[in-house]
Every structure is written in C-alpha cells, then in structure tokens.
Amino acid sequence: MRGVLFGVVLILCGCMGMPESVTPVKGFDLARYLGRWYEIARLDHSFERGLDQVSADYSLREDGTVVVRNLGFSMEKNRWKEAEGKAFFAGNRNEGYLKVSFFGPFYGSYVVFEVDKDYRYAFVCGQNRSYLWLLSRTPVVGDGLIARFVNKAESLGFQTEGLIYVNQKKGIERTK
C-alpha cells in the first residue's frame, strides 16, 4: 500500500497545517463531497509516480469518519495499486480541512481550497506547496477548468510547471 496515491507521504510525515495564503473552503458539505473523484492533475510524488486511472472514493462510516480508498494503475508493473485510510475534520465541520491517515496515528492535511457549487471539481493541497491535486467527478475536464486550476495554484505560490496530467483512459479494466 505504501506506494500508492495522495496522502501516504503526508501520513508518514504526520504533518498538519497548510501553506500560508491557502484557505479551506467555508460551507464545505461532506455529504456532497462523498463518492468517486478522478485525479486530473497532480504534482509528482514517489507514492503515486507512474500511476494512471487514479481515483479516490470517499464514504462515511457509522462513527462519522470517512473511508478513503485510493486506486491507480501502474502500467510498468501491470497492476492496480490501492490504499485505504480514514479521514475526519481537522476543525470546523463546515470547513474543507481534514486529517487523513493511512498508517495508524500518523495524519496529514487534506485541504480543499476550492470546490464548485455542484461539487463537480475540487482543488486540494496538503500541508505545504509540494502537494497539489485537481480532482473531478468525471475522468476528463475542459481546458478552461485546467487553466483556472493552474492560475489559482500559481497565485497561491504552487510550482505548476511540474504538474502531471493523469491519463484516465481505460487501458485496463478496474477489478475493484
């Protein structure tokens, strides 16, 4: 599981907080955020390097915590990689700032700093400017949304020239 998807390095570091100038979404509605999200763009990290068809599924447990299930396909290894963790609010329940853990007591930041009114896309970062994602409810988005993401991220100090645009074309059927 260690080599999979966003959040894992954050968890290993046990780092909370967020980059200066980043503000979590106010009026965040967890119920609307639940479900499947496709990774459209990300900054590179070893824990998801080489993965395509990357998605994250969020569901609610009875205890109020969120199950986080990340999945991506490694063409090099010709296999799916999966990681399952848990998340809960880091503070106010109507703010897009959560704590995510894939390994016991180690938590990392998950900061939703923009989401559209219909919860069709989300801009997410971690505790510093090395962690950045564009997520969408659909595997493909228009150039306008990508430009909006890049412009907003650059205005917040993220180095967007390193963005990786995830191949969401189905080359291998999902088995999970």
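Please read all numbers here as calculations on a predicted model, not as lab measurements.

Turning our eyes to something else, we now look at the side chain of Thr 65. Relative to the elements of secondary structure, Thr 65 occurs in the loop between strand 2 (51–60) and strand 3 (66–74). One polar contact links Thr 65 to Asp 63, side chain to side chain, over a distance of 2.6 Å. Residues within four places of Thr 65 in sequence aside, it is in contact with Ser 59, Leu 60, Ala 87 and Phe 88.

Let's shift gears to the packing of aromatic side chains. One pass over the structure, following the stated rule, counts 14 aromatic pairs. On the basis of an interplanar angle of 50° and a centroid distance of 6.3 Å, the ring pair of Phe 28 and Tyr 119 is categorised as tilted. Of this pair, Phe 28 sits in the loop between helix 1 (8–13) and helix 2 (30–33) while Tyr 119 sits in the loop between strand 6 (106–115) and strand 7 (121–125), placing them 91 residues apart in sequence. Both residues of the pair, Phe 28 and Tyr 119, belong to the buried class. Between Tyr 33 and Tyr 110 the ring centres are 6.3 Å apart and the planes differ by 75°, which places this aromatic pair in the edge-to-face class. A residue pair is termed long-range when its members are at least 10 positions apart, and Tyr 33 in helix 2 and Tyr 110 in strand 6 qualify at 77 residues. The two residues Tyr 33 and Tyr 110 agree in class, both being buried. Chaining the aromatic ring pairs together yields one cluster made of Phe 28, Tyr 33, Trp 37, Tyr 58, Phe 89, Tyr 110 and Tyr 119. Over the ring of Tyr 107 we find Lys 99, and its NZ or CZ is 5.2 Å from the ring centre.

This part takes up the nonpolar core. Membership of the largest hydrophobic core comes to 25 residues, with the highest contact counts inside it found for Phe 28, Tyr 33, Tyr 58, Tyr 110, Val 112, Val 124 and Leu 135. At the level of elements, helix 2, strand 2, strand 3, strand 4 (79–89), strand 5 (97–103), strand 6, strand 7 and strand 8 (132–136) are the ones that each hand at least two residues to this core. Here Val 124 is in contact with Tyr 33, Tyr 110, Val 111, Val 112, Phe 113, Tyr 131, Leu 132, Trp 133 and Leu 135, once residues within four sequence places are set aside. Within the second largest apolar cluster, 22 residues are counted, among which are Val 22, Val 141, Phe 149 and Phe 158.

The next thing to look at is the pattern of salt bridges. Proximity of charged atoms lets side chains of opposite charge pair with each other. A complete count under the given rule lists 12 salt bridges for this structure. Between Arg 148 and Glu 114 there is a salt bridge, and its shortest N-O distance comes to 2.7 Å. Within this pair, whereas Arg 148 is found in helix 3 (residues 143–155), its partner Glu 114 is found in strand 6, the two being separated by 34 residues in sequence. We classify Glu 114 as buried; its relative accessible area is 7%. Between Asp 116 and Arg 120 there is a salt bridge, with the nearest N and O atoms lying 2.8 Å from each other. Judged by relative accessible area, Asp 116 falls into the buried class, the value being 7%. According to the relative accessible area criterion, Arg 120 is partly exposed, its value standing at 49%. What you see here is one network of salt bridges that share partners, running through Arg 36, Asp 57, Arg 69 and Glu 82.

Parameters and conventions
Residues numbered from 1 in each chain as written. Predicted model: local features only at pLDDT ≥ 70, side-chain atom pairs only at ≥ 80, totals over all residues. Heavy atoms only, no water. Helix = DSSP H or I, 4+ residues; strand = E, 2+ residues; numbered from the N terminus. Polar contact = N/O pair within 3.5 Å; in protein donor to acceptor, adjacent residues only side chain to side chain. Contact = heavy atoms within 4.5 Å. Phe/Tyr/Trp six-rings, centres within 6.5 Å; stacked < 30°, edge-to-face > 60°. Buried < 20%, exposed > 50% of the residue type's maximum accessible area, 1.4 Å probe, protein only. Lys NZ or Arg CZ within 6 Å of the ring centre and 35° of its normal. Core = buried A, V, L, I, M, F, W, Y, C linked by side-chain atoms within 4.5 Å. Salt bridge = Lys/Arg side-chain N within 4 Å of Asp/Glu carboxyl O.

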